[in-house]
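An overview of the molecular structure
Each chain, letter by letter, is given below.
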Number of protein chains: 2
Amino acid sequence: MMHQVRFVETIRGFLPSAAAIAALLLAAGAANANPLVLRAQGSFFVGGQTIHTDAVSGDAAGPAGGLAGTGNSDDISVNQMYVQYEEPEGTGNHVPVVMLHGCCLSGKTWETTPDGRMGWKEYFVRKHYPVYIPDQVSRARSGFDATTINKVRLGELPASALPDIFTLGHHAAWLVFRFGPAFGTPFSNEQFPIAAADEFGKQVIPDLNAMLPAANPTYANLSGLAIRLKGAVLMGHSESGFFPEQAALVNPTDIRGMISIEGQCPTDLTSEQIDTLAAIPTLVVFGDHLSDVPATAPLWDAIFAGCQQFVQQVKDAGGDITMLHLPDVGIYGNSHMLMQDKNNLQVADLLIKWIRRHVEDLPRGHGQLHTRH
Amino acid sequence: MMHQVRFVETIRGFLPSAAAIAALLLAAGAANANPLVLRAQGSFFVGGQTIHTDAVSGDAAGPAGGLAGTGNSDDISVNQMYVQYEEPEGTGNHVPVVMLHGCCLSGKTWETTPDGRMGWKEYFVRKHYPVYIPDQVSRARSGFDATTINKVRLGELPASALPDIFTLGHHAAWLVFRFGPAFGTPFSNEQFPIAAADEFGKQVIPDLNAMLPAANPTYANLSGLAIRLKGAVLMGHSESGFFPEQAALVNPTDIRGMISIEGQCPTDLTSEQIDTLAAIPTLVVFGDHLSDVPATAPLWDAIFAGCQQFVQQVKDAGGDITMLHLPDVGIYGNSHMLMQDKNNLQVADLLIKWIRRHVEDLPRGHGQLHTRH
């Protein structure tokens, strides 16, 4: 603990200076100068069902005016989840880590940061962890079921049947993601690379989760992914912050740890459900400035309070659960997008230390965050 | 080699466990002998503009019922193109290759095949080529502008304003992509791994290109990508088969070669446009069975005839252009998805040989395909 705090203070002392930025760039360059050696890489789908639809397209004649002569009825795949992965050489016994993005975002979340630095995907691989990056069901490369939209176009359903497609614009993202107290104004110690806010805006894509069933298929797919990997740490962020726990409530098999970053914790779990979750080591993570953006402070204060309550519930049930509120360990200025913040690798190190201690090495029941090698 | 985990999982179902363990060890040993060594990897966006919309969501109160207090008006990013890349150690002077997917598909096209084999992305990297994989504008991780759909939901636009969202169902894909003469029936020499047709179906996602302007922003973004890379071979497939040429018509700078796979060639170019294209080495590729699926033979015959005409036009203008119809070089049974066919690496070798001869090494004007190392 002492060692960790000293390390953090040293880094913080450097961060505002130009020399520190140069040092960080040098460090990033040095990291990139070391080749990345992969044992395996690729992509696959988890889950998915075949359904029949009579609106494959929004044209009554069928796709592209009847290209295939099959009309507008056909079978399509729905609810599949795209997963891209990299496995480093020399993983030792490290557990695979699944990183799931949040609202209006995609697997891009974990890749190169908006200002061009290394993201958590590559960093965890360089730390010898196999990394699996899904796109949520109904997002990005996982696709979505366009039947309802097509049927509205064809006049077979009313406009009110359309899903509420949810995008965060640049102003809303600034306030919800806590880049600063007002749009265009960063916090003085802001860790998000706000000079690259426009680049971040390009990552924000439409969220069609509103058209999914109440039991979001991503939950079962995450559970299926953990089983396929014969053990994994599931990490969720924001909208998906609690998806690892939802996956465990579908089937806890092979979910070896859960990391819930800046998500909304549940308040209505049964004691049986709490017991299921308490059997899996859990880390809950929050950044800084939760109460400091006037427009979204009520939202974040409520989410944080809900998670404190959840953590206590799991602790009371004997679970190994840790609340990591970064300012409490001397790390300040982190936004909601802490995997892209300027100190993202420092935060990643804390998560890796937690995985080593709570998932990989030691008996369960240690609820504190320690520095360990 | 790189997909040994999935391969082993597949064969384990058919072998006694001792043999499976032996196979696992063998595969692991082989993989260790052949790691993938990357100099760099990551992702970024090309292009994109910021626009104002008053329908960020389909809820008049704004995203998630007014989460950020910014109402339903905001700025959003549109027309950006997501690009993921891998650069191998030891590229020599090899030119970067950009691989752009077709209709209803995403960058997944070039990754692990539906039956778990190595795709062209990894194969080209292993052959020392930097590889760049975009998602088309309005597709997958590039996102799309949901304003029109949201405005229809809000009653501000009629249902007829909705885009014709185009998905190929399983039957249509079988016929258009030439997996066999009728759904469920493969050609006897079919190269597509039809046992994994269901897995392929999961790659097929909604295509929203109908909502893009006539000058598809992907054209300019591809041109911008070639300039950013200071030289690239642009490869397009199917819907995007002619996108490399469209990019060159926007700006030919740094487009060092064009590979158009199974796309629709233009028939209405000016002589000035033909001259622009004729200055860039071009390879046009088609698989087998163009006339052998009754439902789609007229489509493919017309596309092939149009491309033969295009190739002749460019040749007449002095261009270095090659028509590679695989059966003409003794390679039979290839589907439309030849980058996923069972002989996909054999086909890739032909493309790499063409790049070496026509783009990287020799003076232009050699219109024939040669084997060369």
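Residues numbered from 1 in each chain as written. Chains lettered and ligands numbered in written order. Predicted model: local features only at pLDDT ≥ 70, side-chain atom pairs only at ≥ 80, totals over all residues. Heavy atoms only, no water.

**Some words on the overall build of chain A**
When its secondary structure is counted, chain A shows 12 helices and 10 strands. Put simply, chain A has 373 residues, and 60% of those count as buried. Look at the contacts in chain A between residues 6 or more apart in sequence, and 75% of them connect residues 24 or more apart. Taken as a whole, chain A presents about 13,000 Å² of accessible surface, with 55% of it coming from carbon and sulfur. (Helix = DSSP H or I, 4+ residues; strand = E, 2+ residues; numbered from the N terminus. Buried < 20%, exposed > 50% of the residue type's maximum accessible area, 1.4 Å probe, protein only. Contact = heavy atoms within 4.5 Å. Areas by Shrake-Rupley, 256 points an atom, 1.4 Å probe, with all protein chains shown as cover.)

**So, the packing of helix α10 (residues 271–278) of chain B against helix α11 (residues 297–316) of chain B**
Residues and elements named next belong to chain B. One can describe the packing of α10 onto α11 by two numbers: an axis separation of 9 Å at closest approach and a directional angle of 80°. Judged by the inter-axis angle, α10 sits roughly perpendicular to α11. Each of Ile 274, Leu 277 and Ala 278 in α10 lies in contact with α11, whose residues at this interface are Phe 310, Gln 313 and Val 314. Looking at the contact of α10 with α11 residue by residue, the classes come out as five nonpolar, one polar and no charged. (Axes fitted to C-alpha atoms, helices over the stretch in contact; angles between N-to-C directions. Parallel < 35°, antiparallel > 145°, perpendicular 65-115°, else oblique. Nonpolar A, V, L, I, M, F, W, Y, C, P; charged D, E, K, R; others polar.)

**Observations concerning the nonpolar core**
Counting 188 residues, the largest nonpolar core has Trp 120, Phe 124 and Leu 351 of chain A together with Trp 120, Phe 124 and Leu 351 of chain B as its most contacted members. The contacts of Trp 120 of chain B, once residues within four sequence positions are left out, are Met 99, Trp 110, Met 235, Ile 261, Leu 338, Met 339, Asn 344, Leu 345, Val 347, Ala 348 and Leu 351 of chain B. Counting residues in hydrophobic clusters, the runner-up holds 14 residues, among them Leu 162 and Leu 208 of chain A together with Phe 144 and Ile 149 of chain B. (Core = buried A, V, L, I, M, F, W, Y, C linked by side-chain atoms within 4.5 Å.)

**Considering helix α10 (residues 271–278) of chain A**
A turn of α-helix holds 3.6 residues, and therefore any two residues three or four places apart point the same way. Residue and element names in this part refer to chain A. Within α10, burial applies to Ile 274, Leu 277 and Ala 278. The buried residues of α10 occupy an angular sector of 100° when projected down its axis, which confines them to one face. Where α10 is buried, its residues touch α9 (243–250), β8 (255–261), β9 (282–286) and α11 (297–316). (Arc of directions from axis to C-beta.)

**Quick notes on the state of the cysteines**
Residue and element names in this part refer to chain A. Per the stated rule, a full pass over the model turns up four disulfides over all chains. Here Cys 103 connects covalently by a disulfide to Cys 104, the sulfurs 2.1 Å from one another. The class for Cys 103 is buried, based on a relative accessible area of 9%. Here Cys 265 connects covalently by a disulfide to Cys 307, the sulfurs 2.2 Å from one another. Judged by the sign of its S-S torsion, about 95°, the bond between Cys 265 and Cys 307 is right-handed. Pair noted here: Cys 265 is in the loop between β8 and α10 and Cys 307 is in helix α11, with a separation of 42 residues, a long-range link. Pair check on accessibility: Cys 265 and Cys 307 agree, each one buried. Each bonded cysteine of chain A is numbered by sequence order, and under that numbering the disulfide pairs are 1-2, 3-4. (Disulfide = S-S within 2.5 Å.)

**Overview of α11 of chain A**
Residue and element names in this part refer to chain A. For α11, which comprises 20 residues, the first-to-last C-alpha distance of 28 Å matches the rise-based estimate of 28 Å (1.5 Å per residue) to within 8%. Buried residues of α11: Ala 297, Trp 300, Ile 303, Phe 304, Gly 306, Cys 307, Phe 310, Val 311 and Val 314, and no others. Summarising the contacts, the buried residues of α11 are in contact with α6 (170–176), α9, α10, β9 and β10 (321–325). (Expected span 1.5 Å × (residues − 1).)

**Details of unusual backbone geometry**
Even without being glycine, Cys 104 of chain A reaches a positive phi, approximately 60°. Tracing the backbone shows Cys 104 of chain A in the loop between β5 (97–100) and α4 (120–126). Residue classification places Cys 104 of chain A among the buried positions, given a relative accessible area of 0%. In this structure, His 289 of chain B takes a positive phi of about 60° despite not being glycine. Structurally, His 289 of chain B is set in the loop between β9 (282–286) and α11.

**Considering the pairing of β10 of chain A**
Residue and element names in this part refer to chain A. Within β10, four of the five residues are buried, which leaves the element mostly enclosed by the surrounding structure. Here five bridges tie β9 to β10, and the two strands are oriented parallel to one another. What sits directly across from Phe 286, in β10, is His 325. For the crossover from β9 across α11 to β10, the handedness is right-handed. (Pairing = 2+ DSSP bridges. Right-handed = clockwise from strand over helix to strand, strands pointing away.)

**A few points about the relation of the copies chain B and chain A**
Relative to chain A, chain B is turned by 180° and slid 0.0 Å along the rotation axis, the superposed coordinates differing by an RMSD of 0.0 Å. One copy is carried onto the other by what is essentially a two-fold rotation axis. When C-alpha positions in chain B are compared against the rotation axis, the closest is assigned to Ala 140 of chain B, at 1.8 Å. Mapped onto chain A, 90% of the interface residues of chain B are again interface residues, and the two copies thus contact each other with one and the same surface. (Least-squares fit on C-alpha atoms with pLDDT ≥ 70 in both.)

**A short note on the packing of aromatic side chains**
Counted by the stated rule, this structure contains 35 aromatic pairs over all chains. An angle of 80° between the planes, with centres 5.0 Å apart, marks the rings of Tyr 219 of chain A and Phe 243 of chain A as edge-to-face. Residue Tyr 219 of chain A is found in helix α8 (residues 217–228), and its partner Phe 243 of chain A is found in helix α9; the two are separated by 24 residues along the sequence. Where Phe 179 of chain B meets Phe 192 of chain B, the ring centres are 3.9 Å apart and the plane angle is 15°; that geometry is what we call stacked. Placement of Phe 179 of chain B in the loop between α6 (170–176) and α7 (197–201) and of Phe 192 of chain B in the loop between α6 and α7 is noted, with a sequence separation of 13 residues between them. A residue is classified by how much of its surface remains accessible, and Phe 179 of chain B, at 2% relative accessible area, is buried. Taking the ring centre of Phe 44 of chain A as reference, the NZ or CZ of Arg 228 of chain A above it sits at 3.7 Å. Directly above the ring of Trp 300 of chain B sits Arg 178 of chain B, whose terminal nitrogen or CZ lies 4.8 Å from the centroid. (Phe/Tyr/Trp six-rings, centres within 6.5 Å; stacked < 30°, edge-to-face > 60°. Lys NZ or Arg CZ within 6 Å of the ring centre and 35° of its normal.)

Geometric descriptors of this kind do not, in isolation, establish any biological role.
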